[in-house]
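# Observations on chain architecture
The primary structure of each chain is shown beneath.
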Amino acid sequence: KATRSIEAGLLFYSEEMNQRAKEHMRIEGELRQALLNGELLLYYQPKVSLRSGRIVGAEALLRWRHPVRGLVSPGVFIPVAEETGLILDLGSWVLEEACRQIREWQDANLIMPPIAVNLSARQFDSKLPQRIAAVLERYSVQPEQINLEITESLLVRGADAVIAIMNELRAMGMGLALDDFGTGYSSLAYLKKFPISTLKIDRSFVIGLPHEENDCAIARAIVTMAQQLRQEIVAEGVETAEQMNFLRELGCDQLQGYLFSQPVPAADFASMLRDGKRLTLGARLPPA
Ligand code: C2E
Ligand code: MG
Ligand code: MG
Ligand code: MG
């Protein structure tokens, strides 16, 4: 009887895997179509400086306006795109769209902070700097307008080739941010080998501030290390004034999170820039 239920379990499991595979194939096909049909768009989430209260950057985040399912978040389709290689086409689209948008905003006389674009490790080959340079040129966008967000998975590969590409991107004038820092497997010794200009503390360590002792210790260690390595530091996923205050005391200047703003459509981000939206430290907060 026990054997039968194990077999039933295995059958069920493989049926589930089968469903997943089918789901992936469906998403892949639809995503290809989405790219052609213009169903993709970028949202922008501001980064704000605690010292000045001003918007000092933004991250471009991919969204898919699906004709039936509505707005689909990247958590659903990026992993599929990574698996199938479609991420290369998506990544090119994102870079192109971000530059087109920056050009449009600059033509409308907006003062633009740098815009960060997420890169998949798969996009990281020796032709990448050339490809980016071509897009920048096409839209007359300065490389200083662009930050590239990469993840630790790229560092684990650790090849000199990766370092060379990063050096090239930095030499062009682009910032390089290490995203979701602390969630990957890169050792601290690794970190200094790579020309990273910014560390982004992952949201999973920000959530517990200031109550979870371990999160506080990790956040403190990351900020201290970034300062030693002369890297900029951005805290992701800041939702509460308590988290903000703790980060400020640590000396982390830049925040990105719902406390200031969710990711918003391009027009809304432009309005924030135009209106000079500021982080107000608010009467709600206890005195420092
Ligand atoms: P990420 O690069 O770490 O982006 C930050 C994510 O955290 C975004 O999720 C953002 O909406 C979310 N977030 C920001 N502040 C808060 C907060 O205060 N609370 C909470 N709960 N969440 C917050 P999103 O837009 O769903 O993107 C998820 C991930 O998908 C991104 O994580 C990134 O890894 C990937 N992604 C998004 N756009 C692209 C893209 O154009 N290319 C690539 N390769 N990956 C992308
Ligand atoms: Mg990112
Ligand atoms: Mg991140
Ligand atoms: Mg993240």
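This is a predicted model, so every value here is computed, not measured.

An ideal rise of 1.5 Å per residue puts 22 Å on 16 residues; helix α9 (residues 213-228) measures up with 23 Å between its terminal C-alpha atoms. For α9, the set of buried residues is Asp-215, Cys-216, Ala-219, Ile-222, Val-223, Met-225 and Ala-226. Buried positions along α9 lie against β6 (175-181), α7 (188-191), β7 (198-201), α8 (203-206), β8 (232-236) and α10 (241-250). Arg-230 sits one or two positions beyond α9 and adopts a positive phi of about 55 degrees.

Looking now at the coordination of the magnesium ion (ligand 3). The expected angle between donors at a tetrahedral four-coordinate metal is 109.5 degrees. At an octahedral six-coordinate metal it is 90 or 180 degrees. The magnesium ion (ligand 3) binds to the protein through Asp-179 (OD), Asp-180 (OD) and Glu-236 (OE); the donor distances cover 1.8 to 2.5 Å. Counting residues between consecutive donors of the magnesium ion (ligand 3) along the chain gives the motif D-D-x55-E.

A word on the site of ligand 1. Taken together, 22 residues surround ligand 1, and among them Glu-59, Arg-63, Asp-179, Glu-239 and Tyr-258 come closest. Within the backbone of Leu-62, a nitrogen or oxygen atom sits 3.1 Å from a nitrogen atom of ligand 1. Between an oxygen atom of ligand 1 and a side-chain N or O atom of Glu-236, the distance comes to 3.2 Å. Taking 810 Å² as the accessible area of ligand 1 by itself, protein coverage stands at 82%. For the shell around ligand 1, the secondary structure elements donating two or more residues are β2 (55-66), α2 (74-84), α3 (87-107) and β6. Looking at the shell around ligand 1, the element that brings in the most residues is β2, giving 4 residues. Here the shell around ligand 1 is built from residues that sort into 9 nonpolar, 5 polar and 8 charged.

This part takes up the packing of aromatic side chains. Across all of its chains, the model carries 4 aromatic pairs by this definition. Centroid distance Tyr-44 to Phe-269: 5.9 Å. Interplanar angle 15 degrees. Geometry classified as stacked. With a gap of 225 residues between them, Tyr-44 in strand β1 (residues 40-49) and Phe-269 in helix α11 (residues 266-275) connect regions that are remote in the sequence. There is no split in this pair, since Tyr-44 and Phe-269 are both buried. Each ring, one from Trp-64 and one from Phe-77, has its centre 5.6 Å from the other, and the planes form 90 degrees; the classification is edge-to-face. Here the residue Trp-64 occupies a position in strand β2, and Phe-77 occupies one in helix α2, the gap between them amounting to 13 residues. Phe-77 shares its class with Trp-64; the two are buried. Connected via pairs of aromatic rings, a cluster forms that spans Tyr-44, Trp-105 and Phe-269.

The next thing to look at is the state of the cysteines. Summed over the entire model, instances satisfying the criterion amount to 0 disulfides. We note that Cys-216 lacks a disulfide partner, and the nearest cysteine sulfur, in Cys-252, lies 13 Å from it.

With that out of the way, let us pick up the pattern of salt bridges. According to the stated counting rule, one finds 14 salt bridges in the structure shown. A salt bridge links Glu-30 to Arg-26; the shortest N-O distance between them is 3.5 Å. Of this pair, Glu-30 and Arg-26 both sit in helix α1 (residues 2-37), 4 residues apart, roughly one helical turn. When the shortest N-O distance is used, the salt bridge between Glu-104 and Arg-100 registers 2.7 Å.

Relative to the helices and strands, Gln-256 is located in strand β9 (residues 254-256). The exposure class of Gln-256 is buried, given its relative accessible area of 3%. Of note is the side chain of Gln-256, whose polar atom sits 2.7 Å from the side chain of Glu-59. Every residue in contact with Gln-256, bar those within four places of it in the chain, is listed here: Gln-45, Pro-46, Lys-47, Glu-59, Lys-200, Val-234, Ala-235, Glu-236, Gly-237 and Val-238.

We now examine the pairing of β1. Along β1, 10 of the 10 residues are buried, which leaves the element largely enclosed by surrounding structure. Neither face of β1 is left uncovered, since the one carrying Leu-40, Leu-42, Tyr-44, Pro-46 and Val-48 and the one carrying Leu-41, Tyr-43, Gln-45, Lys-47 and Ser-49 both have all their residues buried. Two strands pair when backbone bridges link them, and β1 and β2 are joined in this way by 9 bridges, in the antiparallel orientation. When the sheet's bridge partners are listed, Tyr-44 is paired in β2 with Ala-60. Pairing geometry for β1 and strand β10 (residues 264-265), over 2 bridges, is antiparallel. By the bridge assignment for β10, Tyr-43 is matched with Pro-265. Here β1 runs beside β9; their pairing, made up of 2 bridges, is antiparallel. Considered in β9, the bridge of Val-48 is made with Leu-255.

This part takes up the confidence of the model for the chain. Parts of the prediction with low pLDDT should not have their coordinates interpreted in detail. Within the chain, residue pLDDT values average 92, and 92% of them lie at 70 or more. Of the two predicted TM-score estimates for the complex, the pTM is 0.92 and the ipTM is 0.98.

Conventions used here
- In this numbering scheme, every chain counts its residues from 1 along its sequence in written order.
- Here the convention is simple: chains get letters from A, ligands get numbers from 1, in the order in which they are written.
- Confidence filtering applies because this is a predicted model: local features only for residues at pLDDT of at least 70, side-chain atom pairs given and counted only at 80 or more, and all residues used for totals across whole chains, interfaces and linings.
- As a rule here, side-chain values come from all non-hydrogen atoms in the structure, and water together with hydrogens is ignored.
- To qualify as a helix, a DSSP run of H or I must reach at least 4 residues; to qualify as a strand, a run of E must reach at least 2; elements of each kind are numbered from the N terminus.
- An expected span of 1.5 Å times one less than the residue number is assigned to each helix.
- For every residue, the accessible area (1.4 Å probe, protein chains only) is compared with the maximum for its type, and the residue is labelled buried under 20%, exposed over 50%, or partly exposed between those bounds.
- The criterion used for residue contact is that any of the two residues' heavy atoms lie within 4.5 Å.
- Metal sites are built from N, O and S donor atoms within 2.8 Å, or 3.2 Å for Na, K and Ca, and they leave out water, so they may look incomplete.
- Neighbouring residues are identified by heavy atoms, a residue being near a molecule or strand if any of them is within 4 Å of it.
- Side-chain atoms alone can form a polar contact between residues adjacent in sequence; in general such a contact is a pair of N or O atoms within 3.5 Å, and within protein one must be able to donate a hydrogen while the other accepts it.
- Shrake-Rupley sampling with a 1.4 Å probe provides the accessible areas, and residues are treated as covered by the protein chains on show and by no other component.
- We call Asp, Glu, Lys and Arg charged. Ala, Val, Leu, Ile, Met, Phe, Trp, Tyr, Cys and Pro are nonpolar, and the rest, Gly among them, are polar.
- Two rings from Phe, Tyr or Trp (for Trp, the six-membered ring) form a pair when their centres are within 6.5 Å of each other. A pair whose planes differ by under 30 degrees is stacked, one over 60 is edge-to-face, and the rest are tilted.
- Two cysteine sulfur atoms form a disulfide, by the criterion used here, when they sit within 2.5 Å.
- Salt bridges are identified by distance alone: a Lys or Arg side-chain nitrogen within 4 Å of an Asp or Glu carboxyl oxygen.
- Only when DSSP finds a minimum of two bridges between them are two strands counted as paired.
- Confidence scores labelled pLDDT are given residue by residue by the predictor and lie between 0 and 100.

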